[in-house]
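For reference, the chains in residue letters:
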Amino acid sequence: MLRRYRFHAAVLLLVLVLASAILIVLPGPAPAPSPPTGVPRVLVAMGDSTISGEAAGDYEAGTDGTNGNWCHRSRAASIHHTGLRSIDETINLACSGAPSAQVGLGDAVQYTEGSQAARLGALARQKRVVAILVAAGANDDPAFSHVLDSCVQAWLDQAKPACSESVGGQWQERVDKMVPKVVRALTDIRSVMSDAGYQPTDYHLVLQSYAAPISPDVRPGLRNLNGCPFREADLRWVRAEAVPRITEGVRQAARTTGARLLDVSRSGVGREACSRDDPAQEWFSRLSVRWNDLGSDDRASHALQESFHPNAAGHLQLGRCFGEFLVTDARAAACLPGADGELHAATTIGP
């Protein structure tokens, strides 16, 4: 009996020794990936002209036509005006005219620049990305800036149909085709952030909509080449149909990808191009011609590029609104003028 007890005790001791050895040899679970620490906290802007700072002036070196780069990234862009003291740096990756394909991953190139998402991925490993503000979609199937150009052409040639007639019937279909492209770009952004060690809860992904740069409230005497050469029907269509429908498309993309939504569709009401006698009181550029560029073969085709975009004053307002939204827990907000006449974030329940 004693011998059997000693045998069992020896076996138990052997099992305990082996178990201890296994625990010592086998590695524990790998730590969960995480963002870099001890590095600057940054905000990043990605997308097209409405966020790059087109028409705000003071463009970053190399983005005002140098070697074909017309991205027009402005030091006055909204990403630089959030007023958030907890942020060490603001970085603008946006490029004027960028389609969603260039915002995401892939081979798309806009004005000599490749994937914005790929650049974000490298940046996210070097610095702590707190939030990403994206504006994308208008340069996909809607081709919004080209539509505005066609509206101007229709004003110049009254024999042509109004652009609200020539494009209006196709607009919803164009927006519907845009949505999956924006979703793909946002999914690519999520992917590069994950590869850089970020969980979705480690940063804010905010999708911004588009504002109407013009409205039916054009001042008398400015519906011409001195300001806003549009037919009245087209001015009504842009505010009442074109911008609201593209906003709903952006809202759908935000909902699909879990991005927060910043609705700026009504942010310019009363401050659109040609809505005031004094252009300094407007938040959007009028028909703008860089006359000196007309004398250069390389620059002439871009002489009107700054027309009908948020100007420096507009970007200042949009930046403040974004900053206010970012510090809330709301899934969505609309940038609307407050009692003080400035834009503020009016939060809503969801995108």
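Everything numeric here is computed off the predicted structure, so don't read it as measured data. (Residues numbered from 1 in each chain as written. Predicted model: local features only at pLDDT ≥ 70, side-chain atom pairs only at ≥ 80, totals over all residues. Heavy atoms only, no water.)

1. Here's the deal with the sheet that holds strand E4 (residues 204–208)
Okay, step 1: The sheet built from 7 strands is open, its strands ordered E2-E1-E3-E4-E5-E6-E7 with mixed pairing. Where the open sheet ends on each side, the last strands, each with one partner, are strand E2 (89–92) and strand E7 (343–348). Each strand axis lies, on average, 25° off the axis of its neighbour in the sheet, ignoring direction.
Okay, step 2: Pairing geometry for strand E1 (residues 41–47) and E2, over 4 bridges, is parallel. Residue pairing in the sheet places Val42 in a bridge with Glu89 of E2.
Okay, step 3: Here helix H8 (residues 232–257) sits on the sheet in contact with E4 and strand E5 (260–263), set at roughly 165° to E5. (Pairing = 2+ DSSP bridges. Helix = DSSP H or I, 4+ residues; strand = E, 2+ residues; numbered from the N terminus. Axes fitted to C-alpha atoms, helices over the stretch in contact; angles between N-to-C directions. Contact = heavy atoms within 4.5 Å.)

2. As for H8
Okay, step 1: Across its 26 residues, H8 extends 37 Å between first and last C-alpha, which sits within 8% of the 38 Å expected from 1.5 Å per residue.
Okay, step 2: Within H8, the axis deviates most sharply at Val238, by approximately 45°.
Okay, step 3: With its phi angle positive at about 75°, Gly258 sits one or two positions after the end of H8. (Expected span 1.5 Å × (residues − 1). Bend = angle between axes of the 7 residues up to and from the residue.)

3. Quick word on the confidence of the model for the protein
Okay, step 1: The pLDDT averaged across the protein works out to 92; a share of 90% of its residues lies at or above 70.
Okay, step 2: The low-confidence segment residues 9–19 (pLDDT under 50) makes 0 contacts with residues lying over four places distant or belonging to another chain.
Okay, step 3: Contacts for the low-pLDDT stretch residues 21–25, under 50 throughout, to residues beyond four places or in other chains number 0 contacts. (pLDDT = per-residue confidence, 0-100.)

4. Some points on the state of the cysteines
Okay, step 1: Per the counting criterion, the structure on display carries 4 disulfides.
Okay, step 2: Covalently, Cys228 is tied to Cys274 through a disulfide, its sulfur atoms 2.0 Å apart. Negative torsions about the S-S bond denote left-handed disulfides, and the value of about 95° found for Cys228 with Cys274 makes this one right-handed. Within this pair, whereas Cys228 is found in the loop between E4 and H8, its partner Cys274 is found in the loop between E5 and helix H9 (312–326), the two being separated by 46 residues in sequence. Neither residue differs from the other here; Cys228 and Cys274 are each classed as buried.
Okay, step 3: One disulfide bridge connects Cys321 with Cys335, the sulfur atoms lying 2.0 Å from each other. Judged by the sign of its S-S torsion, about -100°, the cystine formed by Cys321 and Cys335 is left-handed. Of this pair, Cys321 sits in helix H9 while Cys335 sits in strand E6 (residues 332–337), and the two are 14 residues apart along the sequence.
Okay, step 4: A residue is classified by how much of its surface remains accessible, and Cys335, at 0% relative accessible area, is buried.
Okay, step 5: Sequence-ordered numbering of the bonded cysteines in the protein yields a pairing of 1-2, 3-4, 5-6, 7-8. (Disulfide = S-S within 2.5 Å. Buried < 20%, exposed > 50% of the residue type's maximum accessible area, 1.4 Å probe, protein only.)

5. A word on the packing of helix H4 (residues 116–126) against helix H7 (residues 171–195)
Okay, step 1: Running from amino to carboxyl end, H4 crosses H7 at an angle of 25°, the nearest separation of the two axes being 9 Å. Here H4 is positioned roughly parallel relative to H7, judged by the angle of their axes. Crossing hand, H4 versus H7: right-handed. Along the contact surface, H4 presents Ala117, Leu120, Gly121, Ala124 and Arg125, while H7 presents Ile189, Val192, Met193 and Asp195.
Okay, step 2: Considering only residue class, the contact of H4 with H7 consists of 6 nonpolar, 1 polar and 2 charged. (Parallel < 35°, antiparallel > 145°, perpendicular 65-115°, else oblique. Left-handed = near helix turned anticlockwise from the far one by under 90°. Nonpolar A, V, L, I, M, F, W, Y, C, P; charged D, E, K, R; others polar.)

6. Quick word on the packing of aromatic side chains
Okay, step 1: Tallied over the entire structure, the rule returns 4 aromatic pairs.
Okay, step 2: Note on Trp171 and Trp237: the rings are 5.4 Å apart at their centroids and 75° apart in plane angle, and the pair reads as edge-to-face. Linking Trp171 in helix H7 with Trp237 in helix H8, this pair joins segments that are 66 residues apart in sequence. Each member of the pair, Trp171 as well as Trp237, is classed as buried.
Okay, step 3: Judged by centre distance (5.1 Å) and plane angle (65°), the ring pair of Phe230 and Phe308 falls under edge-to-face. Taken together, the residues span a long stretch of sequence, with Phe230 in the loop between E4 and H8 and Phe308 in the loop between E5 and H9 at a distance of 78 residues.
Okay, step 4: Judged by relative accessible area, Phe230 falls into the buried class, the value being 0%.
Okay, step 5: Look at Phe308 and you get buried, because its relative accessible area is 9%. (Phe/Tyr/Trp six-rings, centres within 6.5 Å; stacked < 30°, edge-to-face > 60°.)

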